[in-house]
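Below, each chain spelled out in residue letters.
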Amino acid sequence: MARHVIVGGGTAGWNAITTLRELDQGDSEIVLVADETPYSRMVLPYYLARDIAESHVYIASPPKLAALNVDARLGARAERIDASAGKLILEGGDEIEYDNLLIATGSSAVKAPVPGADGKNVHSFWTFPQARAVASGVGEGARVAMIGAGFIAFTILNALVNQGVKLTVVELESRILPRMIDDTGAGIVQDWLNERGVEVRTSTQVTSIEDKGDAKLLKFKEGPDLEVDLVIMATGIKPNIDWVAGSGLETNQGILVDEHCRTNVENIYAAGDIAEGPDAVTGEKVVHAIEPTAMQHGRVAAANMAGQEVAYKGSLLMNIVDVLDMEIASFGAWDDADAEVFEAVRPERPAYRKLLFHGGRLTGAIILGKTREIWTTNDVGMLKGLVYTGVDILEWKEHLRENPFDVKRAFLASGAAGGLLPETVLGRPSISAHEIAISS
Ligand SMILES: Cc1cc2nc3c(=O)[nH]c(=O)nc-3n(C[C@H](O)[C@H](O)[C@H](O)COP(=O)(O)OP(=O)(O)OC[C@H]3O[C@@H](n4cnc5c(N)ncnc54)[C@H](O)[C@@H]3O)c2cc1C
């Protein structure tokens with residue numbers, strides 16, 4: 001019986017487990033090595049908002065893993081790989097032989113190198129313990145500084161503002177969401193935030209975080225000091241790659257994988273935030289540290305580990321976030337300087353669309369609009385579908401040049417919707433864990 005060893009129990013690891021069991025109904029050994037009980041980072045903002053209980057953050061309890069016939073080594077950490085012997089070595093010295101090894105160890109938050117960044121009440125927001133620490137420090141009237149105005153910062157903005165936090169967002173670059181939207185979009189979002197009481201300081205570098213009694217005092221290269229009760233550092237993440245050094249795996253920013261999620265070392269796969277695999281639009285290898293990529297990688301890797309020959313077309317860069325009832329999303333190559341660009345703003349709504357074309361193919365898009373306006377939410381899905389499927393919409397191009405807001409007709413005519421179901425990486429929808437039948 002084949003033994004599959006999976007390191008990391010986040011989205012990628014968990015999807016690999018359920019896919020293996022979907023395909024083999026229990027007819028293999030699965031060993032999960034995970035330093036945490038599997039949980040979803042993506043729902044941590046809802047935990048912070050007090051919308052869900054702690055128990056709902058977990059994706060797989062020990063009984064659920066046992067029901068799937070998984071030998072779960074929770075609390076264990078992988079230390080290194082001996083690829084020539086086909087062994088994983090754990091901290092503490094235990095060794096586990098594998099037929100297939102999946103590395104799904106995700107990424108970790110990185111704090112900006114600022115004096116005081118490791119002080120009291122200065123937190124990242126990436127793990128469950130970090131989310132708990134932030135949750136216990138915020139409430140009505142709390143003064144919070146968010147350092148970094150990227151996607152992760154924006155996923156928790158609603159939870160903070162809706163609890164009455166007085167929030168100041170500080171960004172080193174000249175605009176907010178610098179790796180998600182362009183200047184026009186960022187300007188609209190910044191106005192939206194200001195109107196809702198969120199202070200935003202861009203082009204601002206924090207030089208130190210000091211204690212001032214129980215409060216924190218932030219100093220900047222330029223501009224006035226800022227006194228707050230709590231600091232959140234959303235200043236980036238880095239794949240958890242250090243432990244694989246010496247294993248012979250090719251790495252760049254992450255572990256390089258092909259369209260099967262295979263690494264250069266036989267029988268070793270990588271998935272999720274740790275993996276640098278093909279981009280669906282450009283074909284270049286990239287790390288997309290987002291949930292859909294972790295899910296797809298996990299499923300593709302597992303299918304190949306189970307003996308199927310499944311290739312996938314690559315992952316789509318996509319970020320979608322709702323900020324105080326404004327939907328903000330970008331897809332694919334949204335900042336491609338070589339693309340043909342059609343854009344339009346409706347300042348009174350406010351709303352913005354930016355469409356990027358290469359020939360008849362939509363290769364990137366940015367969309368902003370009020371969440372409650374149906375055409376915003378519909379267009380988010382349709383633009384994603386058009387970019388991901390890459391269907392030819394040449395005959396609609398001139399129409400979209402004149403009317404970037406009228407995406408619906410091009411989407412319906414393109415047949416992209418029909419292309420999306422087969423695009424569910426394994427060609428069929430996944431089965432939820434409790435529906436999987438395990439043979440005894
Ligand atoms: C607050 C927040 C909000 C987010 N919101 C979104 C969103 O709206 N949309 C979106 O697409 N993405 C979102 N993300 C990103 C998304 O959660 C990640 O891309 C996803 O969790 C990646 O899954 P993964 O399985 O690759 O890694 P992870 O979920 O990080 O899981 C990896 C696991 O491996 C463990 N591990 C690491 N090293 C070892 C070792 N040596 N031995 C054993 N175990 C180890 C880790 O502790 C962890 O449990 C969000 C993330 C955060 C933090």
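Scoring rules and cut-offs
Residues numbered from 1 in each chain as written. Predicted model: local features only at pLDDT ≥ 70, side-chain atom pairs only at ≥ 80, totals over all residues. Helix = DSSP H or I, 4+ residues; strand = E, 2+ residues; numbered from the N terminus. Rg over C-alpha atoms; globule rule 2.2 N^0.38 Å. Buried ≥ 20, exposed ≤ 12 C-beta atoms within 10 Å, placed from the backbone. Contact = placed C-beta atoms within 7 Å. Near = placed C-beta within 6 Å. Nonpolar A, V, L, I, M, F, W, Y, C, P; charged D, E, K, R; others polar. Pairing = 2+ DSSP bridges. Axes fitted to C-alpha atoms, helices over the stretch in contact; angles between N-to-C directions. Core = buried A, V, L, I, M, F, W, Y, C linked by C-beta atoms within 7 Å. Parallel < 35°, antiparallel > 145°, perpendicular 65-115°, else oblique. Left-handed = near helix turned anticlockwise from the far one by under 90°.

A.B. asks: Before we move on, can you summarise the overall build of the chain with the specific residues and values?
C.D. replies: The secondary structure content of the chain amounts to 12 helices and 26 strands. Relative to the globule expectation of 22 Å for 440 residues, the C-alpha radius of gyration of the chain, 23 Å, shows essentially globular dimensions. Along the first, second and third principal axes, the C-alpha set of the chain runs to 65 × 65 × 35 Å. A total of 440 residues make up the chain; the buried ones form 45% of that total. Within the chain, contacts between residues at least 6 apart in sequence are counted, and of these 66% link residues at least 24 apart.

A.B. asks: Account for the site of the ligand, naming residues and giving values.
C.D. replies: Neighbouring residues of the ligand: 36 residues in total, closest Gly 8, Gly 10, Gly 106, Gly 272 and Glu 291. Every element with two or more residues in the shell around the ligand is listed here: α1 (11–24), β2 (29–34), α2 (44–48), α5 (151–155) and α8 (291–305). A per-class count over the shell around the ligand returns 19 nonpolar, 11 polar and six charged.

A.B. asks: Can you tell me about the sheet that holds strand β1 (residues 3–7), naming the residues and giving the values?
C.D. replies: The strands making up a sheet associate through backbone hydrogen bonding, with each pair oriented either parallel or antiparallel. On the basis of which strands lie adjacent, the open sheet formed by five strands has the order β3-β2-β1-β7-β19 and parallel pairing. The open sheet terminates on both sides in strands that have one partner only, identified here as β3 (70–74) and β19 (268–270). In this sheet, neighbouring strand axes are inclined to one another by 15 degrees on average, regardless of whether the strands run parallel or antiparallel. Note that β1 and strand β7 (residues 100–103) share four bridges and pair parallel. Bridge assignment links Ile 6 to a residue of β7, and that residue is Leu 102. Where α1 meets the sheet, its contacts fall on β1, β2, β3 and β7, and the angle it forms with β2 comes to roughly 170 degrees.

A.B. asks: Lay out the nonpolar core in plain terms, naming residues and giving numbers.
C.D. replies: The biggest cluster of nonpolar side chains holds 84 residues, and the ones touching the most others in it are Val 144, Met 146, Val 189, Ile 232 and Ala 365. Element by element, the count of residues in this core is highest for helix α9 (residues 374–389), at six residues. What Met 146 contacts, discounting residues up to four positions off in sequence, is Ala 153, Leu 167, Val 169, Val 170, Ile 232 and Ala 234. Counting 47 residues, the second-largest nonpolar core is a separate cluster that includes Leu 68, Ala 72, Leu 88 and Val 300.

A.B. asks: If you had to explain the sheet that holds strand β9 (residues 122–123) to someone new, which residues and values would you point to?
C.D. replies: Taken in spatial order, the five strands of this open sheet run β9-β16-β10-β11-β12, and their pairing is parallel. The open sheet is flanked by β9 and β12 (199–201), the only strands paired with a single partner.

A.B. asks: Before we move on, can you summarise the packing of α9 against helix α11 (residues 407–414) with the specific residues and values?
C.D. replies: It is at 10 Å that the axes of α9 and α11 come closest, and there the two elements cross at 45 degrees. The pairing of α9 with α11 is recorded here as oblique in orientation. For the crossing formed where α9 meets α11, the hand is left-handed. Residues Asn 378, Asp 379, Met 382, Leu 383, Gly 385 and Leu 386 of α9 touch α11, and the partners they reach there are Val 407, Lys 408, Phe 411 and Ser 414.

A.B. asks: Help me get a handle on unusual backbone geometry, residues and values and all.
C.D. replies: Cis geometry is adopted by the peptide bond preceding Pro 350, which originates at Arg 349 and carries an omega value of -15 degrees. Examined against the element boundaries, Pro 350 turns out to sit in the loop between β24 (340–346) and β25 (351–358). Phi angles above zero are rare outside glycine, and Ser 203 is one such case at about 50 degrees. In this structure, Ser 203 sits in the loop between β12 and β13 (206–212). For Ser 203, a count of 12 C-beta atoms within 10 Å gives the class exposed.

A.B. asks: Can you explain the environment of Leu 68? Please cite residues and give values.
C.D. replies: Its location among the elements puts Leu 68 in the loop between α3 (62–67) and β3. Leu 68 sits in the buried class, given 20 other C-beta atoms within 10 Å. Along the backbone, Leu 68 and Phe 128 are 60 residues apart, and their C-alpha atoms lie at a distance of 24 Å. Ignoring anything within four residues of it in the chain, the contact list for Leu 68 reads Ile 17, Arg 21, Ala 433, Ile 436 and Ile 438.

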